[in-house]
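Close look at the chain arrangement
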Amino acid sequence: MRDGLDDALSDPHLLRRIRALEAELDAAQLHARRQAEERLALEGALARLREANEHLVLATVNAEYQREDAEAVNRRQNEFLAMLAHELRNPLSPLAMAASLLERDPGAAPQQLKLARVIGRQVDHMARLLDDLLDAARISSGKITLDVESLALADVLRHAVETVQPRIAERGQALDVDLPSADVAVAGDKVRLAQVFTNLLGNASKYTGDGGRLRLAAQAGADEVVVTIADNGTGIAPEVLPYIFDLFTQGPRSLARSEGGLGVGLNVVRNLVGMHRGVVEAHSDGPGCGSRFTVRLPRAAGLPAAPVQSEPAQATRRRRILLVEDNADACATLADILAVEGHDVVCAADGRAGLAHALGERWDVIVCDIGLPGLDGLALMQALRAQQDGARPYAIALTGYGQPDDAARGLAAGFDRYLVKPVGAGALLAVVADAPAPDATFSA
């Protein structure tokens, strides 16, 4: 057997076969090891991929939670600002109405008239500060839209000058005005562009001392218009100038400053100008050297539409008015103003009493607050419109809720006009005068 085995092993062919089988075995073992290594690598990659996927899912969920939290914070902020505006506008309204009553008193002494005008100007100033704060919040949340039309730039600037002129006159300041020709037009929102230039003029007056000088000038090029508002006031420090349009940015305060600010007005200006595809720039040579603000806007092709000529004023018609207002001071001053104008006024102090009066008697006009106890003004008007028969009274909402969607809800509820407090006596009386003529007269 040993001899047979030795003979077999000495056979070259058999040896080659054995060596080939050994090589195949080694190759198979190497391949198996590589497959094992690849399997381990694949399992590791799969584990890492699973972990990364879990992290991605977690990050997605966290991002969704953060988005929901941000939306909730933004919603709470807007709700807070709306309530803040309502609560601040409510006391401003009787102040404005009381000042209007004093000014309309034929027997008022000169000192009384002077004090009434001071009250009126300060109420307007507080209302503008409040509007700037709310506009900054609306812009940051994308809730401001523009009603764009072709406008005569001179008319927009003239309106801004008329708004700020009483404050300028009060401080004995001089304002030089260089308006463009009537055919220079811009495409924009009339109210928002007037707000831009009113804000810039008001700022120039605020930061310029009594007896100072302001200048408003406009130039029209082929493609753009350039409006410059300059003053010889306190100027802007170099370290503040790059950030002057940022939210809540203010220059150093001095103890002598009689007027404060919220640091939001110029931020609102920059954003509104940007929404009109324009730019605003600030320049100052430093403290005490005055400042200059330049607004560049695209020039509109074509002329603005001619303004509609208003009809001659007619004698005031006497109306029977239901006034629904829970603020006692506001209710009293509003009723006095309407009564002085010759209207027959009945007051209700809450929503349910107001609805009972509205359904129980005939009225030409209803002036109604929105934030009422028991039944709010929107629910009151919806119930009235649903139940009333015959001629419907002209309904005016007079409220501190001034967000755009507030006005939309008011009109949808059935109000014919939506006024935001504070409203001057003249503006309210003009809206009352616009109400449809009564079908019958009322005896005293």
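Structure first, text after, so check above.
Residues numbered from 1 in each chain as written. Predicted model: local features only at pLDDT ≥ 70, side-chain atom pairs only at ≥ 80, totals over all residues. Heavy atoms only, no water.

Let's talk about the packing of helix 5 (residues 190–206) against helix 6 (residues 265–275)
- Taken N-terminus to C-terminus, the directions of helix 5 and helix 6 make an angle of 145°; their axes are 10 Å apart at the nearest point. The two elements helix 5 and helix 6 meet at a crossing, and its hand is left-handed. From helix 5, Arg192, Gln195, Val196, Asn199, Leu200 and Asn203 reach across to helix 6, where they touch Gly265, Leu266, Val268, Val269, Leu272 and Val273.
- Tallied by class, the residues present in the contact of helix 5 with helix 6 amount to seven nonpolar, four polar and one charged. (Axes fitted to C-alpha atoms, helices over the stretch in contact; angles between N-to-C directions. Helix = DSSP H or I, 4+ residues; strand = E, 2+ residues; numbered from the N terminus. Left-handed = near helix turned anticlockwise from the far one by under 90°. Contact = heavy atoms within 4.5 Å. Nonpolar A, V, L, I, M, F, W, Y, C, P; charged D, E, K, R; others polar.)

Structural notes on the packing of aromatic side chains
- One pass over the structure, following the stated rule, counts one aromatic pair.
- Residues Phe245 and Phe293 carry aromatic rings whose centres are separated by 6.0 Å and whose planes lie at 90° to one another, so their mutual orientation is edge-to-face. With Phe245 in the loop between strand 5 (224–231) and helix 6 and Phe293 in strand 7 (residues 291–298), the pair connects residues that are 48 residues apart, well separated along the chain.
- Relative accessible area serves as the criterion here: at 10%, Phe245 is assigned to the buried category.
- Residue class for Phe293 comes out buried when judged on its relative accessible area of 7%. (Phe/Tyr/Trp six-rings, centres within 6.5 Å; stacked < 30°, edge-to-face > 60°. Buried < 20%, exposed > 50% of the residue type's maximum accessible area, 1.4 Å probe, protein only.)

Concerning a nonpolar patch on the surface
- Taken together, the side chains of Val57, Val61 and Tyr65 make up a nonpolar region of the molecular surface, amounting to roughly 270 Å² of accessible area.
- When you line up the elements, Val61 lands in helix 2 (residues 12–104).
- Look at Val61 and you get partly exposed, because its relative accessible area is 34%. (Patch = residues over 30% accessible without salt bridge, like charges linked within 9 Å, V, L, I, M, F, W, Y side chains within 5 Å. Areas by Shrake-Rupley, 256 points an atom, 1.4 Å probe, with all protein chains shown as cover. Salt bridge = Lys/Arg side-chain N within 4 Å of Asp/Glu carboxyl O.)

A word on the sheet that holds strand 5
- Across the sheet, which stays open at both edges, the five strands sit in the order 2-4-5-7-6 with mixed pairing between neighbours. On the outer flanks of this sheet lie strand 2 (174–178) and strand 6 (279–283), each paired with one strand and no other. In this sheet, adjacent strand axes meet at a mean angle of 10° when their direction is disregarded.
- Here strand 2 pairs with strand 4 (residues 213–220) via five bridges, running parallel. From the neighbouring strand, Leu175 faces strand 4, where its bridge partner is Leu214.
- In the packing of helix 4 (residues 153–170) onto the sheet, the strands contacted are strand 2, strand 4 and strand 5, and the crossing angle to strand 4 comes to about 175°. (Pairing = 2+ DSSP bridges.)

That is the geometry; function is a separate question.
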